[in-house]
Amino acid sequence: MPLLWNISLRKGFPFVTDQPPQDTIGNHTRRPMRPGKALAVSLLLPCLLYGSVVLLAGDRLFVFSKTPPGRESRAALAIRDDVIPFFKWGTLLFTRQYLRKHYAESWYFTQASKGDCREEFASALKQALENYPAVDLYLLAHTNHYIRWVKDLPEELRSRIRFVYNTGCHNEPQGKDWLALGADAYIGHPGVSESPFFYFFLLRHWLHGATLEEALALGNDGMHLKFRQLEWTTFGRFQAEALMKESRASVVGDVGLRLGDTAP
Amino acid sequence: MKRYAHLLLAPAALLFQTLPGAFLYFAPTLAFGKKPIMPESWVWSVSVMSLALFALAGLALACAASYLLLTRSRRFVAIPLIFLCCVPAWLLSVFYLHGVLVFLVWV
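Below: a short report on this structure. (Residues numbered from 1 in each chain as written. Chains lettered and ligands numbered in written order. Predicted model: local features only at pLDDT ≥ 70, side-chain atom pairs only at ≥ 80, totals over all residues. Heavy atoms only, no water.)

This paragraph deals with the pairing of strand β3 (residues 74-80) of chain A. Residues and elements named next belong to chain A. β3 sits mainly inside the fold: 7 of its 7 residues count as buried. Of the two faces of β3, the one lined by R74, A76, A78 and R80 and the one lined by A75, L77 and I79 are each fully buried. Sheet topology places β3 next to strand β5 (residues 134-140); 7 bridges connect them, and they run parallel. Looking at β5, one finds that A78 is bridged to Y138. As defined by bridge partners, β3 adjoins strand β4 (residues 105-110) across 6 bridges and the pair is classed as parallel. When the bridges of β4 are listed, R80 appears paired with T110. In this region the chain leaves β3, passes through helix α2 (residues 85-102) and returns to the parallel neighbour β4; the handedness of that crossover is right-handed. (Buried < 20%, exposed > 50% of the residue type's maximum accessible area, 1.4 Å probe, protein only. Helix = DSSP H or I, 4+ residues; strand = E, 2+ residues; numbered from the N terminus. Pairing = 2+ DSSP bridges. Right-handed = clockwise from strand over helix to strand, strands pointing away.)

Residues and elements named next belong to chain A. Tallied over the entire structure, the rule returns 7 salt bridges over all chains. Between D81 and R80 there is a salt bridge; the shortest N-O distance is 3.0 Å. A relative accessible area of 10% places D81 in the buried class. Residue classification places R80 among the buried residues on the basis of a relative accessible area of 10%. (Salt bridge = Lys/Arg side-chain N within 4 Å of Asp/Glu carboxyl O.)

Taken together, L61(A), V63(A), F64(A) and W106(B) make up a surface patch of nonpolar side chains, about 410 Å² in accessible area. Mapping W106(B) onto the fold places it in the segment after α4 (75-103). (Patch = residues over 30% accessible without salt bridge, like charges linked within 9 Å, V, L, I, M, F, W, Y side chains within 5 Å. Areas by Shrake-Rupley, 256 points an atom, 1.4 Å probe, with all protein chains shown as cover.)

Dropping the structure here:
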């Protein structure tokens, strides 16, 4: 007879008891699995499943990665337009901490209606441009014209705008206007885009030190992977190539820019 | 009934996953609905902390359920229950956990 029959929660996990297995019938009383092996299986399986979730997400892990140099000389502003609460919530959860970690100062705005936060945004942008040589803008909104909010700022301040990412549909052509206004680089999408898929990859890689060109390529590749997964799981209802045509982001301006480059 | 209590833990672990599901459904509305009741400055902290708790509790429940099934039940009972209840509970929990780690900029 085995010395140890079982492990029971009744005496506190994982104390050993001499109780036989409780759903045994007749002579089938052998212990199904040794406690040590059961514990290993029960801990290993979720680890494997975590690995599969990471693989499915399609992006590398940046485990406790360091912030690229020059944090003290850059700031960022992000603005989310008035969409359904779940999108506002998800964008905030994903974006806020990335900006806080990688920029000396950051501002995040969520609009409650069209045109909301205009004064606060303009005021924060002015403050950022006055205090930091490099300011990045994340315009996380559907087709938008936030560029109008920036036009009124003095030229010498506007020249400190470094990188602008715009998730808006059909906002790719704004790139030349942002460059004319003083920005160094701009990324936008050409059509009715599914930009959140791209943004996930872009933000992570750009903030971890990739050049805009590299982050753009990784973002487009990652987005393409998501679209293919979507096409596969919906049995072709979503067409990956059609989605890519509308969503493939492009960059204008200084494509070799890195987060650590602080020169405006 | 008491003799089979350990069999109930696996369905309970799966059932527990309705809680983070409900949280994902209600939290955005509490924060950004027409009448928000959570200040925006709290949203990130409260949401990430809640998701982390749900993820860890879900993992612990599913691990305990799997362990008890493997040690106290015959395999033809344990394995289907683990695949039907523990694996989905694990998958959802590690999904939330990965989300939390990404939001914390730890991975």
